[in-house]
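# Overview (structure and organization)
Residue-level listing of the chains:
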Amino acid sequence: MPRPILATIHTQALRNNLAQARQRAFDARVWAVVKANAYGHGIERVFEGLRGADGFALLDLNEAQRVRDLGWRGPILLLEGVFELRDLELCSRLDLWHTVHCDAQIDMLAAHKTNLPQRVFLKMNSGMNRLGFAPERYRSAWTRLNALPQVDEISLMTHFSDADGPAGVAAQVEVFDSVTHDLPGERSLSNSAATLRHSADPAQAGAGSGVGVVSDWVRPGIALYGSAPDFPGHRAADWGLQPGMTLAAKMIATQSISTRASVGYGSSFVAPGPMQIGVVACGYADGYPRICPTGTPVLVDGVRTRTVGRVSMDMVTVDLTPLPQAGLGSEVTLWGRAANGAVLDIDEVAACAQTVGYELMCGLASRVPVVLEEQRDTVHAHNAREKSKNL
Ligand SMILES: *Cc1c(COP(=O)(O)O)cnc(C)c1O
């Protein structure tokens, strides 16, 4: 039997989360952001759940190739654009739309030999100070692009630094609007946080400033995978989001310990009284953060309890005091949905690890087997059938 740890991808939850984002965006078209191998979920594994999107946005050319290999014929956007001239050949071949954020990328387009003009998203640096043309240089970049025979339609794009926090998006929207108000082309501004928190109804647009962001295309990533971009201000369920991934393992041992006994490396946890400890087949080599302190929530058989002591490479120890029934083989949910339907938000575990849900998803280790929920159920049904045959 393989080591009892498994990540499960929930296709129906992805579908639900996409619908939630779409609804919040007032039916703007939706790029499903699937960079970083779909935030660690696997592009091939999320494709079924997210194929209702209007396009896929990513960074790596090989990921674009994988989306085309899945049979996707709709739009694909390279969020950082091309990295060198010959990438443009692949853009032509795979019909990729690409971001243009710097002069070097315009130079490459000018040098690209093609008779198929390309769709580009011209990126403004409206305050994030990472990628994009400064506002005062944006229009000249547009004019230069617009004069190139290699360029077809130009869309207008920017990215928010504070959509999830108190500063919000108003200042950046104002910069963007003041520079682009009379330029033609579709607009794409919002990531998940801006889509959920700051979308405005186009029917109300022009009703005054400060109503929010009106986009032709939104670019949600994290929300599609079921994490709240503004946790702890909101939890995923507040936005109608469901976990896209569950990380679960089994209990492989238990220990009865007495008062003042310690657990794990460094003896960092000392029992205040007699305790029952469970040992779970998941450690930092699986992507469960070592920094998670005593008290990080876990579900055992769908019931909430906590970790105790240090996370080690292959194991983590949990408090079974509230769970007299639990034992060898009990299901332990590190994040996501338990068999009884209980949910442990990845955002809660991430907060204990002083990080965000993004990093936990992306950090799932390659040694952890991953299945689709629908496959897992088939595997279970198959095993159950085999078992009953053997009886
Ligand atoms: C990653 C990314 C997104 C998605 O961000 P989330 O916070 O995951 O929704 C949107 N736009 C750009 C340019 C990105 O790089």
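Residues numbered from 1 in each chain as written. Predicted model: local features only at pLDDT ≥ 70, side-chain atom pairs only at ≥ 80, totals over all residues. Heavy atoms only, no water.

Below, the discussion takes up the overall build of the protein chain. Looking only at helices and strands, one finds 12 helices and 19 strands in the protein chain. Classification of the 391 residues of the protein chain by burial places 52% in the buried group. Total accessible area on the protein chain stands at roughly 17,500 Å², and carbon and sulfur atoms take up 51% of it. Here the protein chain contributes 36 positive and 40 negative side-chain charges, whose respective centroids are spaced 5 Å apart. (Helix = DSSP H or I, 4+ residues; strand = E, 2+ residues; numbered from the N terminus. Buried < 20%, exposed > 50% of the residue type's maximum accessible area, 1.4 Å probe, protein only. Areas by Shrake-Rupley, 256 points an atom, 1.4 Å probe, with all protein chains shown as cover. Lys, Arg positive; Asp, Glu negative; His and termini not counted. Charge placed at Lys NZ, Arg CZ, Asp CG, Glu CD.)

Two quantities define a packed helix pair, namely the angle between the axes and the distance from one axis to the other. For the pair helix α4 (residues 61-69) and helix α5 (residues 87-94), interaxial distance at closest approach is 11 Å and the crossing angle is 10°. By the angle class used here, α4 and α5 are roughly parallel. When you trace α4 past α5, the crossing you get is left-handed. Only Asp87, Leu90 and Leu94 of α5 make contact with α4, whose side of the interface consists of Leu61, Ala64, Gln65 and Arg68. Residues of the contact of α4 with α5, tallied by class, amount to four nonpolar, one polar and two charged. (Axes fitted to C-alpha atoms, helices over the stretch in contact; angles between N-to-C directions. Parallel < 35°, antiparallel > 145°, perpendicular 65-115°, else oblique. Left-handed = near helix turned anticlockwise from the far one by under 90°. Contact = heavy atoms within 4.5 Å. Nonpolar A, V, L, I, M, F, W, Y, C, P; charged D, E, K, R; others polar.)

Attention now goes to the packing of aromatic side chains. Following the criterion strictly, the structure yields 11 aromatic pairs and no others. When the ring centre of tryptophan 97 is taken as origin, the NZ or CZ atom of arginine 119, which lies over that ring, is 4.1 Å away. (Phe/Tyr/Trp six-rings, centres within 6.5 Å; stacked < 30°, edge-to-face > 60°. Lys NZ or Arg CZ within 6 Å of the ring centre and 35° of its normal.)

A word on the environment of arginine 22. Looking at the secondary structure, you find arginine 22 in helix α1 (residues 11-24). When its relative accessible area of 21% is taken as the criterion, arginine 22 is described as partly exposed. Look past the residues within four positions of arginine 22 in its chain and what remains in contact with it is Asp27, Ala28, Val30, Gly52, Ala53 and Asp54.

Taken together, 13 residues are adjacent to the ligand, and Lys35, Tyr39, Ser192, Ile222 and Tyr358 come closest. Between serine 192 and the ligand, the recorded distance is 2.5 Å, taken from a side-chain N or O atom to an oxygen atom. In this structure, an oxygen atom belonging to the ligand sits 2.9 Å away from a main-chain N or O atom of glycine 221. Compared with its free state, where it exposes 390 Å², the ligand has 92% of that area covered by protein. When the residues that make up the shell around the ligand are grouped by side-chain class, the tally is six nonpolar, four polar and three charged. (Near = heavy atom within 4 Å. Polar contact = N/O pair within 3.5 Å; in protein donor to acceptor, adjacent residues only side chain to side chain.)

Before going further, it helps to examine the pattern of salt bridges. Tallied over the full model, the rule gives 19 salt bridges. Between arginine 144 and aspartate 107 there is a salt bridge, and its shortest N-O distance comes to 2.7 Å. On the criterion of sequence distance, the pair formed by arginine 144 in helix α7 (residues 135-146) and aspartate 107 in helix α6 (residues 103-111) is long-range, its members being 37 residues apart. What makes aspartate 107 partly exposed here is its relative accessible area of 41%. Of the charged contacts in the structure, one is a salt bridge between arginine 119 and glutamate 186, with a shortest N-O distance of 2.6 Å. Taken together, the residues span a long stretch of sequence, with arginine 119 in strand β6 (residues 118-124) and glutamate 186 in the loop between α8 (170-180) and β8 (187-188) at a distance of 67 residues. A relative accessible area of 10% places arginine 119 in the buried class. We classify glutamate 186 as buried; its relative accessible area is 17%. Here the salt bridges share partners, and the residues they tie into one network are Arg3, Asp286, Asp314 and Arg367. (Salt bridge = Lys/Arg side-chain N within 4 Å of Asp/Glu carboxyl O.)

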